[in-house]
Amino acid sequence: MNIHEKYLNRCIQLAKNGLGTTYPNPLVGSVVVHEDKIIGEGWHRKAGEPHAEVYAIRSVKDTSLLKKSTIYVSLEPCSHYGKTPPCSDLIIASGIGNVVIGTIDPFDAVAGRGIKKLTESGCNVTAGVLEAGCRELNKRFFTYHNKKRPYIILKWAESVDGYLSPAQQEQTAPVWISNTYSRQLVHKWRSEEQAILVGTNTVIKDNPRLDTRDWAGNSPVRVILDRELRIPRHFSVRDNSVKTLFLSGGETRPDEENTITEPIDFSGNMAAQVCEVLYRHGLQSVIVEGGRQMLRTFIDAELWDEARIFRGNMMFNNGTPAPELRGHLLSEQDVAGNRLRIVKREKAED
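Residues numbered from 1 in each chain as written. Predicted model: local features only at pLDDT ≥ 70, side-chain atom pairs only at ≥ 80, totals over all residues. Heavy atoms only, no water.

Enquirer: For the pattern of salt bridges, give the residues involved together with the corresponding values.
Expert: All chains considered together, the criterion is met by 22 salt bridges. Note that Arg149 and Asp305 form a salt bridge whose closest N and O atoms lie 2.8 Å from each other. Remark: Asp305 occurs in the loop between α10 (292–300) and β13 (306–311) and Arg149 occurs in the loop between α6 (139–147) and β6 (151–158); sequence separation between them is 156 residues. When its relative accessible area of 3% is taken as the criterion, Arg149 is described as buried. In this structure Asp305 comes out as buried when scored by relative accessible area, which is 7%. One salt-bridge network, held together by shared partners, links Glu136, Lys139, Glu306, Arg308 and Lys344. (Salt bridge = Lys/Arg side-chain N within 4 Å of Asp/Glu carboxyl O. Helix = DSSP H or I, 4+ residues; strand = E, 2+ residues; numbered from the N terminus. Buried < 20%, exposed > 50% of the residue type's maximum accessible area, 1.4 Å probe, protein only.)

In structure tokens form, the structure reads like this:
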């Protein structure tokens, strides 16, 4: 790892602190380095608040060192006025002459303009350092802007013998395959993503809240496939506590506070239509937590990016089989007796 990669790696570490709180903005980390020593660092924390470069520059105690320093940033500095002034202007005004950037920003309002402004002002700019890692950091942001759809995460739990649920369920309460620690981890994931998607049968069977009650963080937008709008008013997903989208087959009901109905064609490519609705609502990521049919809809349409699969320690012998998918195993770990596999889709292009 060379010197530039060392400090870009630190930028990535810092940026991850903002996961789940910066939407619709990307995750960005920045450090200011003088004579091989970090003298300032920061990350973007929340949309509307200062960007990473601002925090990094502000944290430098001896500002006379800025003109002899290098600033590292995981994503191209912005060049336009949004809720905050352009970071490229701040870098120029601070007299920092060297800028090292992880990757170019795909957002139309930036897209190379930040680099152009810095270069034209006399800054020495190096771009494309640890680019793969910087793009992975903002996989949601890049997918949303480049593919015009959210980053899609499939999630399910299966038995040792590969079933989502037993053939016969005597109890009315959900049959938990995953343990308490795995379920808490799922709530952490929910706090990091913008939306969660389930179908009618899952809601009617389990009456889930789809929130982050077991983890500190924002609850995702709830997205419910409810073709005939059958879910009763007293169910948790209709409590208006969180923004909720009901995707119907043409049935309508008046929108309420935090609850919106969107029609889609259930006879068409449902996964693509769901993506289109979520894109229109500005949702950069979604966890698909539905049953086998829902999961297969996205797998068959090749509209998924990542799958997170828990394997419990119980045997069902028969029942609803877990879906099959082809992908690259990113990681495998033990979660208090549950086995968690993270699988990435092999073909990234849609």
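Enquirer: Got a sec to walk through the UniProt feature "binding site: NADP(+)" (unreviewed entry) in the chain? Specific residues and values, please.
Expert: UniProt tags Ala157, Trp176 and Thr202 as "binding site: NADP(+)" (unreviewed entry). Their sequence span is 46 residues, while the largest C-alpha to C-alpha distance among them is just 13.8 Å; these annotated residues converge on one region. Counting through the fold element by element, Trp176 comes out in the loop between β7 (163–166) and α7 (180–192). If near-sequence neighbours (up to four positions away) are discounted, Trp176 is found in contact with Arg183 and Met314. In this fold, Thr202 is placed in helix α8 (residues 200–206). Beyond its immediate stretch of four places on either side in the chain, Thr202 contacts Asn207, Pro208, Gly290 and Gly291. (UniProt positions renumbered as here; feature names shortened; annotations may be inferred. Contact = heavy atoms within 4.5 Å.)

Enquirer: Break down the domain arrangement of the chain for me, citing the residues and quoting the values.
Expert: Domains assigned within the chain are domain 1 (3–138) and domain 2 (148–345). Using only C-alpha atoms to locate each centre, domain 1 and domain 2 end up separated by 35 Å. When the buried area of domain 1 at its contact with domain 2 is split by residue, Leu19, Gly20 and Tyr23 rank highest and sum to 69% of it. Run the count over domain 1 and domain 2 and you get 1 salt bridge. Close ionic contact of Lys344 with Glu136 constitutes a salt bridge, the shortest N to O distance being 3.9 Å. (Domains from an automatic or database assignment. Buried area = accessible area lost by both parts, 1.4 Å probe.)

Enquirer: Provide a residue-level description of the pairing of strand β1 (residues 29–34), including the pertinent values.
Expert: With respect to burial, β1 is a largely interior element, 6 of its 6 residues being buried. Of the two faces of β1, the one holding Gly29, Val31 and Val33 and the one holding Ser30, Val32 and His34 are both buried throughout. Judged from the 6 bridges that link them, β1 and strand β2 (residues 37–43) form a sheet pairing that is antiparallel. What sits directly across from Ser30, in β2, is Gly42. Hairpin remark: β1 followed by β2, antiparallel, with 2 residues in the connecting loop; positive phi at Glu35, about 50°. Examined bridge by bridge, β1 and strand β3 (residues 70–75) share 4 bridges and lie antiparallel to one another. Looking at β3, one finds that Val33 is bridged to Thr70. (Pairing = 2+ DSSP bridges.)

Enquirer: Go over helix α1 (residues 3–15), please, and point to the residues and values.
Expert: When the terminal C-alpha atoms of α1 are compared, their 19 Å separation across 13 residues agrees well with the 18 Å that a helix rising 1.5 Å per residue should span. Those residues of α1 that are buried are in contact with β1, β2, β3, β4 (98–103) and α5 (131–137). Sitting at the amino-terminal end of α1 is Asn2, which places a side-chain oxygen 3.0 Å from the backbone nitrogen of His4. (Expected span 1.5 Å × (residues − 1). Polar contact = N/O pair within 3.5 Å; in protein donor to acceptor, adjacent residues only side chain to side chain.)

Enquirer: If you had to explain the UniProt feature "binding site: substrate" (unreviewed entry) in the chain to someone new, which residues and values would you point to?
Expert: Residues given the UniProt feature "binding site: substrate" (unreviewed entry) here are Arg190, Asp206, Leu210, Arg213 and Glu289. Counting through the fold element by element, Leu210 comes out in the loop between α8 and β9 (221–225). Once residues within four sequence positions are removed from consideration, Leu210 is found in contact with Arg190, Ile196, Val198, Pro220, Arg222, Ile224 and Val237. Structurally, the position occupied by Arg213 is in the loop between α8 and β9. Every residue in contact with Arg213, bar those within four places of it in the chain, is listed here: His187 and Arg190.

Enquirer: Residue-level account of the packing of aromatic side chains, with values.
Expert: For the structure shown, the criterion picks out 4 aromatic pairs. Taking the centre distance of 4.6 Å and the plane angle of 35° together, the rings of Tyr144 and Tyr279 count as tilted. A residue pair is termed long-range when its members are at least 10 positions apart, and Tyr144 in helix α6 and Tyr279 in helix α9 (residues 270–280) qualify at 135 residues. For Tyr144, a relative accessible area of 12% puts it in the buried group. Between Trp189 and Phe310, the aromatic rings sit 5.5 Å apart at their centres with planes inclined by 25°, giving stacked as the arrangement. Here the residue Trp189 occupies a position in helix α7, and Phe310 occupies one in strand β13, the gap between them amounting to 121 residues. For Arg253, the ring lying beneath its charged end belongs to Phe246, and the centroid distance is 5.1 Å. (Phe/Tyr/Trp six-rings, centres within 6.5 Å; stacked < 30°, edge-to-face > 60°. Lys NZ or Arg CZ within 6 Å of the ring centre and 35° of its normal.)

Enquirer: Mind laying out the nonpolar core, listing which residues take part and the relevant values?
Expert: Ile152, Leu154, Leu197, Leu225 and Phe298 are the most contacted members of the largest nonpolar core, which totals 32 residues. Beyond its immediate stretch of four places on either side in the chain, Leu197 contacts Val223, Leu225, Val274, Val286, Ile287, Val288, Glu289, Gly290, Met294 and Phe298. Counting residues in each nonpolar core, the second largest holds 21 residues, with Val32, Val99, Leu118 and Cys123 among its members. (Core = buried A, V, L, I, M, F, W, Y, C linked by side-chain atoms within 4.5 Å.)

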